[in-house]
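Summary of structural features
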Amino acid sequence: MSGFRIVIPARLGSTRLPRKVLRTLAGKPLVQWTWEAACQVAGPESVVIATDDAEVLAACTAFGATVRMTNPAHQSGTDRVNEIATAAGWDDGQIVVNLQGDEPLMPAAMVVEAAKLLADDASADIATLCHPLHALEDWLNPNFVKVVRAASGHALYFSRAPIPWKREGTSPTSPLPVGLAFRHIGLYAYRVGALRRFSALPPSSLENCEALEQLRALEAGLAIAVGVSDVPPPRGVDTEADLAAVAAVLESRA
């Protein structure tokens with residue numbers, strides 16, 4: 001797979017972990033680890049960091065990344081990706097992968113998998129990935145976003161709740177619906193035309209209810225292809241505990 005682009009949103013003002021993208025892990029800022037991982041992906045025409053802060057801009061410039069300032073008022077990383085695409089003049093058919101700046105452990109194969117899934121599905125506007133759930137506690141965990149897929153492989157719904165939920169005989173202690181329960185992996189590939197359409201939409205009712213941005217796309221009628229990955233989702237960085245755990249992995253690879 002070739003011809004796609006990668007944009008890494010890197011906002012400084014994280015609420016749960018302040019200054020997250022500049023926190024040091026194994027001697028480098030978090031965003032540098034993510035950028036280096038993106039540079040190992042085979043096929044992208046470009047890798048760009050999209051930030052909202054001059055300090056992040058300076059740090060990324062220092063380690064040699066292509067980095068651009070974006071509007072600090074943006075509500076999401078998706079909006080930053082759209083600003084980069086618009087400023088660069090990418091055409092509507094261009095595929096761009098949104099790789100969050102706090103995902104240094106995202107496997108290169110997953111990035112390619114998402115881009116290829118979209119390239120191969122002309123009926124899809126967006127592509128993302130999921131992984132089968134096997135543990136009841138993960139299915140019940142509201143921090144793990146679940147997805148239900150149609151026979152076409154397109155998303156029917158995303159939720160923090162355990163879905164699908166059987167009408168009869170389901171309880172928090174009953175077996176999860178193996179083969180139907182999938183954890184969403186927060187990696188997206190967009191066609192630029194769909195990205196522009198999405199970013200022009202106001203937050204939707206379902207999005208506000210579940211705090212899941214992808215529901216805005218579904219409510220607007222955008223088709224989201226969901227590929228099933230054999231690889232479990234990597235650990236991202238949202239807390240101090242995550243930071244320590246990811247740092248240990250990176251140090252073990254050094």
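Residues numbered from 1 in each chain as written. Predicted model: local features only at pLDDT ≥ 70, side-chain atom pairs only at ≥ 80, totals over all residues. Heavy atoms only, no water.

1. Describing the overall build of the protein
Broken down by element type, the protein carries 9 helices and 11 strands. Across its three principal directions, the C-alpha atoms of the protein cover 60 × 40 × 35 Å. In the protein, which comprises 254 residues, the proportion classed as buried is 50%. As displayed, the protein offers around 11,400 Å² of accessible surface, 54% of which is attributable to carbon and sulfur atoms. Of the side chains in the protein, 22 bear a positive and 27 a negative charge, and the two mean positions are spaced by 1 Å. (Helix = DSSP H or I, 4+ residues; strand = E, 2+ residues; numbered from the N terminus. Buried < 20%, exposed > 50% of the residue type's maximum accessible area, 1.4 Å probe, protein only. Areas by Shrake-Rupley, 256 points an atom, 1.4 Å probe, with all protein chains shown as cover. Lys, Arg positive; Asp, Glu negative; His and termini not counted. Charge placed at Lys NZ, Arg CZ, Asp CG, Glu CD.)

2. A closer look at the environment of Trp165
Following the sequence through the fold, Trp165 ends up in the loop between strand S9 (155-159) and strand S10 (182-191). Taking the relative accessible area as the measure of exposure, Trp165 reaches 42% and is therefore partly exposed. Distance from Trp165 to Glu251, taken between C-alpha atoms, is 41 Å for residues 86 residues apart in sequence.

3. Concerning the pairing of strand S6 (residues 95-98)
Residue alternation in S6 divides its side chains into two sets, Ile95 and Val97 and Val96 and Asn98, and both sets are buried. Where strand S1 (residues 5-10) lies against S6, 3 bridges are found, and the strand directions are parallel. The partner of Val7 across the bridge, within S6, is Asn98. The sheet contact formed by S6 and S10 spans 4 bridges and is antiparallel. Paired with Ile95 across the two strands is Arg191, which belongs to S10. (Pairing = 2+ DSSP bridges.)

4. Points about the packing of helix H3 (residues 77-88) against helix H6 (residues 192-199)
Where H3 meets H6, the closest approach of the two axes is 9 Å, and the angle between their N-to-C directions is 125°. In this view, H3 runs oblique relative to H6, as classed from their interaxial angle. With respect to the hand of their crossing, H3 and H6 are arranged in left-handed fashion. Contacts between H3 and H6 involve Thr78, Asp79, Val81, Asn82, Ala85 and Thr86 on the former and, on the latter, Val192, Leu195, Arg196, Phe198 and Ser199. Residues of the contact of H3 with H6, tallied by class, amount to 5 nonpolar, 4 polar and 2 charged. (Axes fitted to C-alpha atoms, helices over the stretch in contact; angles between N-to-C directions. Parallel < 35°, antiparallel > 145°, perpendicular 65-115°, else oblique. Left-handed = near helix turned anticlockwise from the far one by under 90°. Contact = heavy atoms within 4.5 Å. Nonpolar A, V, L, I, M, F, W, Y, C, P; charged D, E, K, R; others polar.)

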